[in-house]
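These are the residues of each chain, in order.
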Amino acid sequence: MRYLITGGAGFIGSHLADRLLASSHDASVVLLDNLSTGSYANVEHLEGRASVRLLIGSVTDEALLEEAVREADAIFHLASAVGVKLVLDKPVQSIETIVKGTNAVLALARRYRRPVLIASTSEVYGKSKDLPFREDGDQVMGATDKQRWAYASAKALEEFLALAHFRESRLPVVIARLFNTVGPRQTGSYGMVLPNFCRQALTGQPITVYGDGKQRRCFCHVSDAVGALARLLAQPDARGQVVNVGADREISIGGLAERVKELTRSASAVQYIPYEQAYRDGFEDMERRVPCLEKAARLIGYAPRHSLDDCIRDTAAHQARLLGLTPPETRTEKPPMSAPSRKPPRGRRRK
Ligand SMILES: NC(=O)c1ccc[n+]([C@@H]2O[C@H](COP(=O)([O-])OP(=O)(O)OC[C@H]3O[C@@H](n4cnc5c(N)ncnc54)[C@H](O)[C@@H]3O)[C@@H](O)[C@H]2O)c1
């Protein structure tokens, strides 16, 4: 099989490439990436392999994309503007990357009849409180003047378009709705919580929790997530379906900060920063986000295998390597006297 992975030099894309190459001697991958949030370092270890080709360019470059699609047997479309911070900082470019890029990938997949997986996000459930989130549950979006909803809305449009292609032409397409995915190679530069907490803990900086820290999330190890993506694209019964991919054990963000501190043996304080200070005005966040994983279990026998501690240890070890520090699990010295955690801010509650 020859796979095209758009966003292949990104965090999830690079792990998916590793997984596909390890799955068969015959597998080859083309990684199409503009290196905007991804990096060469993520795929440097694959350099020189005959089965790997890195194309540096944008999914919105139709000629380049067409060449890559034509030569592939199957496509994983992961290229996207990712994360709320990036969407707040570069709103036009972010919406255009998602909508134009996915439109181009789907049109070419249809022209060449290639199976395609679209990476969507749990953000499409928006402010829904109907937990756990089932794939057929309602989307509950905020107002369009709250820029943070642009990411969720653009990714939802991506899903609508993919399903429209399936209905019109039976395009073999599957949509994976990824929940918080974490692990080595994830960068904290675009506001992702776990790499930032690990880096802060490892360097003795305050671990900064936005809001009151009571918001809860479920973290899935990237290794579990890419296994699910590979199996979903190969499963004919998944075609025309939206499928949640993630983990379903919850932890509060305040609790996550404390656990990172413990596992990294850090002396950092946990510091709470009001949303108004962390983001621009009018930021909205969700209290909880828990996937229902029944559909993934039924279609591909999926169940997350890694624990939250695995996620933290692997992310921390990667951050330690980047910082040139001893990995936390091999540290023997005791941390200096622990700084007290500052209490969450009183007053305005999150919506
Ligand atoms: N990491 C998560 O927790 C998470 C959660 C939900 C959904 N997702 C989805 O998974 C996918 C991969 O996300 P990730 O976490 O690996 O982030 P990432 O930023 O590491 O990966 C995205 C990749 O796309 C590339 N890219 C961006 N614009 C491009 C363009 N125009 N042309 C070519 N490449 C482009 C980036 O350089 C990057 O390598 C995205 O579609 C994202 O929406 C991720």
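This write-up is about the structure you can find in this document. Fair warning: this is a prediction, and the values are worked out from it, not measured in the lab.

## As for unusual backbone geometry
Moving on, step 1. Across the junction of leucine 131 and proline 132, the peptide omega takes the value -10°, indicating a cis bond.
Moving on, step 2. By the element assignment, proline 132 lies in the loop between strand 5 (116-121) and helix 5 (149-169).
Moving on, step 3. With a phi angle near 55°, leucine 35 is a residue other than glycine that sits in the positive phi range.
Moving on, step 4. Counting through the fold element by element, leucine 35 comes out in the loop between strand 2 (28-33) and strand 3 (52-56).
Moving on, step 5. With 14 C-beta atoms packed within 10 Å, leucine 35 lands in the partly exposed category.
Moving on, step 6. Notably, arginine 170 is not glycine yet its phi reads approximately 60°, a positive angle.

## As for the site of the ligand
Moving on, step 1. In the region of the ligand, 28 residues are neighbours, and Gly7, Gly10, Thr37, Gly38 and Ser80 sit closest.
Moving on, step 2. Contributing elements (two or more residues each) for the shell around the ligand: helix 1 (11-23), strand 2, helix 4 (91-112) and strand 5.
Moving on, step 3. If you tally residues by element for the shell around the ligand, the top one is helix 1, at three residues.
Moving on, step 4. Class assignment for the residues of the shell around the ligand results in eleven nonpolar, 16 polar and one charged.

Reading guide: rules and limits
Counting restarts for each chain: residues are numbered from 1 in the order of the written sequence. Since the coordinates come from a predicted model, pLDDT governs what is reported: local features require at least 70, and pairs of side-chain atoms require 80 or more to be given and counted, while whole-chain, interface and lining totals use all residues. Where helices and strands are cited, they refer to DSSP runs of H or I of at least four residues and of E of at least two residues respectively, numbered from the N terminus. Here a residue counts as buried when 20 or more other C-beta atoms fall within 10 Å of its C-beta, as exposed when 12 or fewer do, and as partly exposed in between; the C-beta atoms come from the backbone. In this analysis, residues qualify as near a molecule or strand once their C-beta atom, positioned from backbone atoms, comes within 6 Å of it. Asp, Glu, Lys and Arg are counted as charged, while Ala, Val, Leu, Ile, Met, Phe, Trp, Tyr, Cys and Pro are counted as nonpolar; the rest, among them Gly, fall into the polar class.

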